[in-house]
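# A structural walkthrough
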Protein chains: 2
Amino acid sequence: MHFTSQQRFDDGVLEREFTLGEIPGILWTPASASVTAPVPLILLGHPTLGLRKMYPRLVARARHSAAEGFATATIEHPGSGDRPRWPAAEQARADLRRARETGEPVSHEIVDALILPLVERAVPEWQTALDALLSLPEIGGPVGYSGGVISIGIRLAVVEPRIVAAGLFAGSFVPRAMFEEARQVTIPLHVLLQWDDEGNDRQAALDLFDAFGSKEKSLHANMGGHTGVPQFAGDAAAQFFTRHLK
Amino acid sequence: MHFTSQQRFDDGVLEREFTLGEIPGILWTPASASVTAPVPLILLGHPTLGLRKMYPRLVARARHSAAEGFATATIEHPGSGDRPRWPAAEQARADLRRARETGEPVSHEIVDALILPLVERAVPEWQTALDALLSLPEIGGPVGYSGGVISIGIRLAVVEPRIVAAGLFAGSFVPRAMFEEARQVTIPLHVLLQWDDEGNDRQAALDLFDAFGSKEKSLHANMGGHTGVPQFAGDAAAQFFTRHLK
């Protein structure tokens with residue numbers, strides 16, 4: 001893990017960009033984080049639009065979390081931002097665009113081709129990032145995962161025992177195979193669903209919530225469209241992490 | 001409105017039982033409530049098991065709300081507790097018991113017979129209670145409605161302009177006609193659904209949430225069965241009322 005730049009905001013939050021091999025990432029720590037007072041960590045998931053495009057929303061979430069005493073970190077997705085594309089993913093994205101333009105339903109095959117290879121590649125990278133982040137003296141545990149891509153969150157919740165709670169955003173396509181994986185999730189879950197998100201399959205999101213094996217799981221459905229998550233929904237997610245990571 | 005008894009708890013909350021004609025009720029006010037500092041009011045809905053049986057849960061909700069600065073009040077349902085039964089309601093309850101014992105699905109006819117006359121009778125009584133409660137100098141506005149019977153909450157939200165926000169419990173039967181009424185609701189809503197409530201029709205609850213006309217509506221689904229609403233779900237409902245009544 002190699003820090004490439006740093007800046008401190010006026011709320012005391014320290015933002016550090018890093019690279020982990022070829023993977024760029026960003027770490028935010030609250031002013032209070034220190035060797036003698038390490039803080040819990042939340043991994044910030046995001047859609048596959050590239051870190052640079054997502055930065056304004058990510059930094060807002062990071063500073064909100066820092067105010068609650070959490071460090072947050074995120075990494076670029078394989079195939080997003082400046083990271084190399086791979087042909088199958090490009091093909092799947094083109095197929096998705098075409099389906100949307102013609103108004104056809106997005107087939108299971110397109111969803112599988114779009115998401116499954118991404119999960120296969122991204123999850124080990126998140127785990128490598130977790131190794132590096134937890135080796136920093138100012139970062140303690142426990143660890144939470146927050147956001148999309150929901151299939152990445154599901155796989156991480158199943159395979160990564162250091163993640164003890166997840167706040168998932170039900171706003172992306174979910175391959176059929178992930179419903180089976182969802183049954184294996186047992187950590188506390190806080191699932192956010194934008195009820196009037198036209199680009200999202202609401203019934204699939206409800207079925208997925210039903211499938212989760214967790215004894216404690218909450219679904220918070222709100223209005224406001226895909227990107228219009230209300231402020232109070234963010235506050236509720238923060239309270240979920242405070243309950244489980246503190 | 002005639003106060004029949006009063007007691008003050010060690011948290012300063014004043015509990016007063018009252019009668020309003022033949023209707024018994026209870027009013028709880030926080031220690032801070034006074035003529036010069038009137039407090040907002042939350043009407044506490046409850047299932048049709050009778051006030052005496054519901055008292056432990058009601059007083060817990062009342063004291064929780066008082067800690068947030070709200071007065072709360074509730075009244076006995078027509079046909080519950082010591083209030084006179086009426087034959088059609090008794091028949092509907094008997095039909096419901098029989099359907100449950102034999103494992104038959106509960107028919108629309110039974111639900112209509114059980115709920116619609118209750119709504120017709122109860123809603124004007126809540127409005128009369130509201131008149132009396134708001135005439136007390138220590139009770140100001142605005143007013144919220146919280147709890148079940150959800151159909152009573154829906155009708156009140158449609159016909160009673162003094163109610164500006166409602167926290168509804170999706171845990172009771174809903175007549176088909178109420179779905180049409182739900183479309184006319186425009187006030188902010190916070191709907192609680194116990195996801196694993198076996199006595200409740202989950203799909204009907206989701207359809208009802210979808211039908212509400214409100215621009216701001218949130219569905220909070222949690223585990224724990226019909227009576228196992230988690231503590232944090234109560235906290236979230238309290239925050240909803242704080243956002244809208246303060």
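For the structure, check the block above.
A brief report on the enclosed structure follows. (Residues numbered from 1 in each chain as written. Chains lettered and ligands numbered in written order. Predicted model: local features only at pLDDT ≥ 70, side-chain atom pairs only at ≥ 80, totals over all residues. Heavy atoms only, no water.)

## Some thoughts on the environment of Ile75 of chain B
All names here are of chain B. The line we're drawing: Numbering goes from the N terminus for both helices and strands, where a helix is a DSSP run of H or I of at least four residues and a strand is a run of E of at least two. Throughout, exposure labels follow a simple rule: accessible area from a 1.4 Å probe, protein chains only, divided by the maximum for the residue type, with under 20% read as buried, over 50% as exposed, and the rest as partly exposed. The contact criterion used is simple: two residues touch if any of their non-hydrogen atoms lie within 4.5 Å.
By the secondary structure assignment, Ile75 is in strand β5 (residues 71-75). Owing to a relative accessible area of 3%, Ile75 belongs among the buried residues under this scheme. Considered as a pair, Ile75 and His46 are 29 residues apart in the sequence and their alpha carbons are 9.2 Å apart. Apart from the residues within four sequence positions on either side, Ile75 is in contact with Phe18, Ile23, Pro24, Gly25, His46, Leu51, Glu125, Trp126 and Ala129.

## Quick look at the relation of the copies chain A and chain B
Here is the rule we go by: All copies are superposed by least squares; the fitting set is the C-alpha atoms of residues with a pLDDT of at least 70 in both.
Expressed as a screw operation, the relation of chain A to chain B combines 0.0 Å of axial shift with a rotation of 180°, fitting to an RMSD of 0.0 Å. This pairing of chains is accounted for by a two-fold axis. Nearest to the rotation axis, the C-alpha of His220 of chain A is located 2.4 Å from it, this being the minimum over chain A. When the interface residues of chain A are mapped onto chain B, 100% of them again fall at the interface, so both copies present the same face.

## Structural notes on the side chain of Asn222 of chain A
Residue position: Asn222 of chain A is located in strand β9 (residues 217-222). Asn222 of chain A gets classed as buried once you look at its relative accessible area, which sits at 2%. Those residues in contact with Asn222 of chain A that sit more than four places away from it in its chain are Leu192, Leu193, Gln194, Trp195, Asp196, Pro230, Phe232 and Ala233 of chain A together with Lys217 and Ser218 of chain B.

## Regarding helix α3 (residues 108-134) of chain B
Spelled out, the test is: Multiplying 1.5 Å by the helix residue count minus one yields the expected span of that helix. Note that bend, as reported per residue, equals the angle between axes fitted to the 7 residues terminating at that residue and the 7 residues originating from it.
For α3 of chain B, spanning 27 residues, the distance from its first C-alpha to its last is 37 Å, which sits close to the expected 39 Å at 1.5 Å a residue. In α3 of chain B, a bend of some 30° at Val119 of chain B exceeds every other bend along the element.

## What about the packing of aromatic side chains?
Defined as follows: To pair, rings of Phe, Tyr and Trp, with the six-membered ring standing in for Trp, must have centres within 6.5 Å; the planes then decide the type, stacked if under 30 degrees apart, edge-to-face if over 60, and tilted in the middle.
Summed over the entire model, instances satisfying the criterion amount to eight aromatic pairs over all chains. Ring centres 6.4 Å apart and planes at 85° place the aromatic pair Phe3 of chain A and Phe18 of chain A in the edge-to-face group. Within this pair, whereas Phe3 of chain A is found in strand β1 (residues 2-8), its partner Phe18 of chain A is found in strand β2 (residues 14-20), the two being separated by 15 residues in sequence. Residue Phe3 of chain A is classed as partly exposed on the basis of its relative accessible area, which comes to 32%. Aromatic side chains Trp195 of chain A and Phe209 of chain B sit 4.9 Å apart centroid to centroid with 85° between the ring planes, which places their arrangement in the edge-to-face category. In this pair, Trp195 of chain A is assigned in the loop between β8 (189-194) and α6 (202-211) and Phe209 of chain B in helix α6 (residues 202-211), connecting two distinct chains. Each member of the pair Trp195 of chain A and Phe209 of chain B is classed as buried.

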